[in-house]
Amino acid sequence: MPRVANHDARHGQITDAVQRLIVRHGLTAVTVARTAAEAGMSVGLVQHYFTAKGEMLLATFTRVNGRFTTRVDDLVNRGEAEGRTIAEMLQQALTELIPLDDARRAEFLVRRAFADQAAHNARLANVQRETLVGIRSRVAQAIKNGTVCGEVPQGVDAADQALQIVAFAEGLALHTHIDPDGTPKPAILAALDDRLGRVFTGTCRRGRSGALGLPDPASARWP
């Protein structure tokens, strides 16, 4: 167990160093030597875990996605406990993709760097595609859950709306990154509310308490 813990710690130390380099200097600054210096370890130790830049970037991208997923799950747990609507929880989840603070800005830059590399690397492109499909699937499931409880009208195409909603959120993320002064947080939240409000037009028939109004709490989650 101690060896596993040490391995995970070293792995995280390296990926955190990669993220800091990307944030400060861009993807071109990420080399094994610079990553080792940033992480405070030898080049040989970094190469023990990663033999190429693409591997370090993939691991960093995976770590960023893991943090995003953990935050979203925490938001959902709190939202369910507080009796929030599915639309409210979905809005909060989507804001985790938008660079509204330093932590989310750093993660956004990692995702951008990964996308640049994925354009020329089939393996990374597959990971990027699977990640986007996963996010859209979770949003689609939230819409389906909304249909069950009454927040979403019957007949809404969950997959189609999920595609539009995620694309909208990513567009907001890009605008926020490029023009932070012109995209204040209240405006971003209002834009998300407006977009979600076109899909979540109803009220949960079972009220706002307990599992978002669904009979099975597990099925009511942001998946």
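In this text the structure is predicted, and so the values were computed from the model without any measurement.

Caption draft 1: Representation of the pattern of salt bridges within the structure. Applying the stated criterion across every chain yields a total of eleven salt bridges. As a salt-bridge pair, Arg84 and Glu82 come within 2.9 Å of each other at their nearest N and O atoms. When the shortest N-O distance is used, the salt bridge between Arg198 and Asp194 registers 2.8 Å. Overall, Asp194 belongs to the partly exposed group, its relative accessible area being 44%. If you follow the salt bridges from partner to partner, you end up with Arg71, Glu96, Asp101, Arg104 and Glu107 in one network.

Caption draft 2: Representation of the state of the cysteines within the structure. Applying the stated criterion to the full structure yields zero disulfides. Of all cysteine sulfurs, the one in Cys149 lies closest to Cys204, which takes part in no disulfide; the gap is 3.2 Å. Residue classification places Cys204 among the buried residues on the basis of a relative accessible area of 9%.

Caption draft 3: Examining helix 6 (residues 102-118) more closely. Over its 17 residues, helix 6 runs 24 Å from end to end, which matches the ideal 24 Å to within 8%, given 1.5 Å per residue. Three or more residues of helix 6 are buried, namely Arg104, Ala106, Glu107, Phe108, Leu109, Val110, Arg111, Ala113, Phe114 and Ala118. In this structure Asp101 caps helix 6, since a side-chain oxygen of it lies 3.3 Å from the backbone nitrogen of Ala103.

Caption draft 4: Here's a closer look at helix 8 (residues 158-178). Taking 1.5 Å per residue, 21 residues should reach 30 Å; helix 8 reaches 30 Å between its end C-alpha atoms and fits that length. Among the residues of helix 8, Ala158, Gln161, Ala162, Ile165, Val166, Ala169, Leu172, Ala173 and Thr176 are the ones counted as buried. Buried residues of helix 8 fall within an arc of 130° about the axis and therefore sit on the same side. The exposed set on the far side of helix 8, more than 90 degrees from its buried face, consists of Ala159, His175 and Ile178.

Procedures and definitions
- Residues numbered from 1 in each chain as written.
- Predicted model: local features only at pLDDT ≥ 70, side-chain atom pairs only at ≥ 80, totals over all residues.
- Heavy atoms only, no water.
- Salt bridge = Lys/Arg side-chain N within 4 Å of Asp/Glu carboxyl O.
- Buried < 20%, exposed > 50% of the residue type's maximum accessible area, 1.4 Å probe, protein only.
- Disulfide = S-S within 2.5 Å.
- Helix = DSSP H or I, 4+ residues; strand = E, 2+ residues; numbered from the N terminus.
- Expected span 1.5 Å × (residues − 1).
- Polar contact = N/O pair within 3.5 Å; in protein donor to acceptor, adjacent residues only side chain to side chain.
- Arc of directions from axis to C-beta.

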